[in-house]
Amino acid sequence: MGVSGSGKSTMGALLGERLDLPFIDGDDLHPDENREKMRAGHPLDDDDRWPWLHRIGELIDAGLVEGHATIVACSALRKSYRDLIRRHAPEAIFVHLRGSSELIADRMGARDHEYMPATLLGSQLATLEPLEDDERGVVVDVTASPDELADQIIAALPAVTTP
Ligand SMILES: Nc1ncnc2c1ncn2[C@@H]1O[C@H](COP(=O)(O)OP(=O)(O)O)[C@@H](O)[C@H]1O
Ligand SMILES: O=C(O)[C@H](O)[C@@H](O)[C@H](O)[C@H](O)COP(=O)(O)O
């Protein structure tokens with residue numbers, strides 16, 4: 001989880017490799033209307049996001065039925081969005097990729113994205129609700145390199161998964 005540009009796609013792919021688990025990028029699951037809305041510079045609202053979040057939850061659930069966890073890149077900005085994912089997968093662990101707005105704006109400015117403009121970072125940050133104490137999760141600071149972050153996240157997982 002985390003705002004656009006925080007490193008979800010990068011870290012999701014890397015964690016998928018490191019943990020030998022399937023990786024699903026939530027970016028790829030947005031319907032065309034959502035992509036067009038963001039491309040035009042408009043933030044999504046809750047009604048745009050609910051079906052997308054349900055789809056993500058269904059895919060996690062389908063993996064669990066097959067007997068495996070899934071790594072997912074999903075902004076999951078509000079607690080209510082994470083609650084919806086937990087309705088599908090109560091054991092879900094959220095890894096919040098946290099960074100300063102300056103650092104993330106720099107990274108967004110330097111990358112090419114199919115539809116997400118850097119101008120939407122402000123609304124992403126305004127929408128973000130950090131993990132609360134009762135949410136199973138890990139918070140990392142994205143100033144570290146992807147490899148260092150993967151080490152930190154993997155090291156934190158046993159403590160998070162132990163009941
Ligand atoms: N830990 C990191 N250190 C340096 N650059 C990073 C790191 N994580 C991601 N990036 C770069 O920052 C940009 C945004 O990352 P990305 O994975 O696309 O974020 P998101 O999926 O959250 O939008 C990309 O150009 C990516 O290569
Ligand atoms: O809920 C949302 O507002 C979107 O999902 C958004 O958070 C997401 O960031 C975009 O899909 C762009 O993709 P990136 O996060 O990869 O920039």
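Criteria and thresholds
- Residues numbered from 1 in each chain as written.
- Chains lettered and ligands numbered in written order.
- Predicted model: local features only at pLDDT ≥ 70, side-chain atom pairs only at ≥ 80, totals over all residues.
- Heavy atoms only, no water.
- Axes fitted to C-alpha atoms, helices over the stretch in contact; angles between N-to-C directions.
- Helix = DSSP H or I, 4+ residues; strand = E, 2+ residues; numbered from the N terminus.
- Parallel < 35°, antiparallel > 145°, perpendicular 65-115°, else oblique.
- Left-handed = near helix turned anticlockwise from the far one by under 90°.
- Contact = heavy atoms within 4.5 Å.
- Nonpolar A, V, L, I, M, F, W, Y, C, P; charged D, E, K, R; others polar.
- Buried < 20%, exposed > 50% of the residue type's maximum accessible area, 1.4 Å probe, protein only.
- Pairing = 2+ DSSP bridges.
- Polar contact = N/O pair within 3.5 Å; in protein donor to acceptor, adjacent residues only side chain to side chain.
- Arc of directions from axis to C-beta.

Novice: Help me get a handle on the packing of helix 1 (residues 8-19) against helix 7 (residues 146-161), residues and values and all.
Specialist: As a packed pair, helix 1 and helix 7 sit with axes 10 Å apart at the nearest point and diverge in direction by 60°. Classified by the angle between their axes, helix 1 and helix 7 sit oblique to one another. As helix 1 packs across helix 7, the resulting crossing turns out to be right-handed. Where helix 1 abuts helix 7, its residues Thr10, Met11, Leu14, Leu15, Arg18 and Leu19 lie against Pro146, Asp147, Leu149, Ala150, Asp151, Ile153, Ile154 and Leu157. The residue makeup of the contact of helix 1 with helix 7, split by class, is 10 nonpolar, one polar and three charged.

Novice: Got a sec to walk through the pairing of strand 4 (residues 137-141)? Specific residues and values, please.
Specialist: The two faces of strand 4 differ: Val138 and Val140 on one face are buried, but Gly137, Val139 and Asp141 on the other face are not. Pairing geometry for strand 3 (residues 94-98) and strand 4, over five bridges, is parallel. Across the sheet, the residue bridging to Leu97 is Val140, located in strand 4.

Novice: Can you explain the environment of Arg18? Please cite residues and give values.
Specialist: Position of Arg18 among the secondary structure elements: in helix 1. Between the C-alpha atoms of Arg18 and Val72, which are 54 residues apart in sequence, the distance is 14 Å. Beyond its immediate sequence surroundings of up to four residues, Arg18 is in contact with Asp147, Ala150, Asp151 and Ile154. One polar contact links Arg18 to Asp151, side chain to side chain, over a distance of 2.4 Å.

Novice: Break down helix 2 (residues 32-39) for me, with residues and values.
Specialist: All of the buried residues in helix 2 are Asn34, Arg35 and Met38. All buried residues of helix 2 fall inside an arc of 100° around its axis, so they share one side. Of the residues in helix 2, the exposed ones pointing more than 90 degrees away from the buried face are Asp32 and Glu33. Contacts from the buried residues of helix 2 go to helix 3 (46-66).

Novice: Lay out the environment of Tyr115 in plain terms, naming residues and giving numbers.
Specialist: Here Tyr115 lies in the loop between helix 5 (101-110) and helix 6 (121-127). For the pair formed by Tyr115 and Thr70, sequence separation is 45 residues and the distance between their alpha carbons is 25 Å. Ignoring anything within four residues of it in the chain, the contact list for Tyr115 reads Asp27, His30, Arg35, Met38 and Arg39.

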